[in-house]
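Structural characterization, general
Take a look at the letters that make up each chain.
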Amino acid sequence: MRADPEYAPEYLAIEAVTRIGPKMVVELQKLRAMNPGAPPDALASMVVYRYTNHARLSGAVSGAVGLAGAVLDVGVLAWTQAKMVLLIAVIYGRDPADPERAIELLVLQGVHKYTDTARAALQVARGRQGIETLLPDKRRPLNQMLMRLGLKLAQMAGIKAAKRIFAKLVPGAAIILGSFANAGATKALAQKAMALYSRPQLPGQRPPLQLPSGEPRKY
C-alpha cells in the first residue's frame, strides 16, 4: 500500500478475505458456543458491539501521534471493519473466504458505488501487486505518500472528510475526535452489512455457506 496508495483499499480487501476470511468460520463457532441458541440477528448485534468498541479504542489510542499515526489509525480501522463485515457475512451463511466478499466490502465501505467497478478495480490491483519493483526515484516523497494513503484508507473506513482525520493532529482534540469518528463510521458500516447479508440470496447467486454443527469448515 505504501508503494501504490491509489489502490490501498483494494489491496486491503484482497488481504482481508484471504487472511481473515477462513478464520471467521472458527470465530462464529466460538460465538455460537458462548451463546447457544442465539439467532443470527442477535449474534450480529454482539459482533457490532465488540468491533465498535475496538474501533473507538483505536481512535483514542492513535489519535495524538502525528500524521503517520493518523494514517496508521485509519489503516487499523479499515482492517478492523473488514474483520467485522466478514464475521457478519458468515453469521448469515455467506462464505467469508469467497472472493465476492472483497467486492462487497469495497461497495459497503463506499470505495466503489457498483459491484462491477469494484470487481474491475480488484482485477487491476491484483495485476499491480508487483508495483514495489518501481525505482526509488519514481516513488512519491514520504509525506505525500502518507497523505495519499491516509485519504484512501479514510475513504474506505467511512470517514469521508479529510479534515476529520488530520484534525487529530490538533493537541487535545485528537483523542475525542478519533474515538468518535471511528466508532460512528464502524457502526454505520455494520448496519449496511447486516442489511445486505440478512437478505435471502436471489436465484443464480452463490449458495450460502453451510456451517457444520461440529468441527469448523476446513479450507
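Residues numbered from 1 in each chain as written. Predicted model: local features only at pLDDT ≥ 70, side-chain atom pairs only at ≥ 80, totals over all residues. Heavy atoms only, no water.

If you look the chain up in an unreviewed UniProt entry, it shows as EcsC family protein from Dactylosporangium siamense.

Observations regarding the overall build of the chain
Where we set the bar: Secondary structure elements follow DSSP: runs of H or I no shorter than four residues count as helices, runs of E no shorter than two count as strands, and numbering proceeds from the N terminus. The rule is simple: take the accessible area with a 1.4 Å probe, protein chains only, and divide by the maximum for that residue type; under 20% is buried, over 50% is exposed, in between is partly exposed. Only heavy atoms matter for contacts: two residues are in contact if any of them lie within 4.5 Å across the pair.
When you go through the chain residue by residue, the secondary structure sums to 8 helices and 0 strands. For the chain, the α and β elements follow one another from N to C terminus as α-α-α-α-α-α-α-α. Here the chain holds 219 residues, and 44% of them are scored as buried. Long-range pairs, those at least 24 residues apart, make up 78% of the contacts in the chain between residues at least 6 apart in sequence.

Describing the pattern of salt bridges
Heads up, the rule is: Salt-bridge detection follows one rule: a side-chain nitrogen of Lys or Arg within 4 Å of a carboxyl oxygen of Asp or Glu.
This model, assessed by the stated rule, comprises 7 salt bridges. The partner of K152 in a salt bridge is E6, with the nearest N and O atoms 3.7 Å apart. Remark: E6 occurs in the segment before α1 (8–34) and K152 occurs in helix α6 (residues 142–156); sequence separation between them is 146 residues. In this structure, E104 engages R101 in a salt bridge whose closest nitrogen and oxygen atoms are separated by 2.6 Å. Here E104 pairs with R101, and both are found in helix α4 (residues 100–108), just 3 residues apart, close to one helical turn.

Topic: the packing of α4 against helix α5 (residues 115–127)
Helix-helix packing: each pair is described by the crossing angle between the helix axes and the interaxial distance. To keep it simple, the criterion reads: Helix axes are fitted only over the stretch in contact, all axes being lines through C-alpha atoms; the angle between N-to-C directions runs from 0 to 180 degrees. Handedness of a crossing is defined here by the sense of rotation of the near helix relative to the far one, left-handed for an anticlockwise turn of less than a right angle and right-handed for a clockwise turn. Ten residues, namely Ala, Val, Leu, Ile, Met, Phe, Trp, Tyr, Cys and Pro, are considered nonpolar, four, namely Asp, Glu, Lys and Arg, are considered charged, and the remaining ones, Gly among them, are considered polar.
Their axes nearest at 9 Å, the elements α4 and α5 cross at an angle of 120°. As for how α4 packs across α5, the hand of that crossing is right-handed. Facing α4, whose interface residues are E100, A102, I103, L106 and V107, α5 presents T115, A118, R119 and L122. Its residues assigned to classes, the contact of α4 with α5 comprises 6 nonpolar, 1 polar and 2 charged.

Details of α5
Spelled out, the test is: Helices are assigned an expected span. That span is 1.5 Å times one less than the residue count. The arc in question is the one traced by the directions running from the helix axis out to the C-beta atoms.
An ideal rise of 1.5 Å per residue puts 18 Å on 13 residues; α5 measures up with 18 Å between its terminal C-alpha atoms. Those residues of α5 that sit buried are A118, A121, L122 and A125. Viewed along the axis of α5, the buried residues span an arc of 100°, placing them on a single side of the element. Among the exposed residues of α5, those oriented more than 90 degrees off its buried face are D116, Q123 and G127. On its buried face, α5 is in contact with α1 and α4.

Topic: the nonpolar core
Defined as follows: What makes a nonpolar core is a set of buried Ala, Val, Leu, Ile, Met, Phe, Trp, Tyr and Cys residues whose side-chain atoms join them at distances within 4.5 Å.
Ranked by size, the top nonpolar core spans 53 residues in total, and within it I88 and I91 carry the most contacts. Of all the secondary-structure elements, those providing two or more residues to this core are α1, α2 (40–62), α3 (66–91), α4, α5, α6 and α8 (173–197). Looking at this core element by element, the count peaks at 13 residues for α3. If we skip the residues at most four places from it in the chain, I91 touches L28, L31, R32, P40, L43, A44 and V47.

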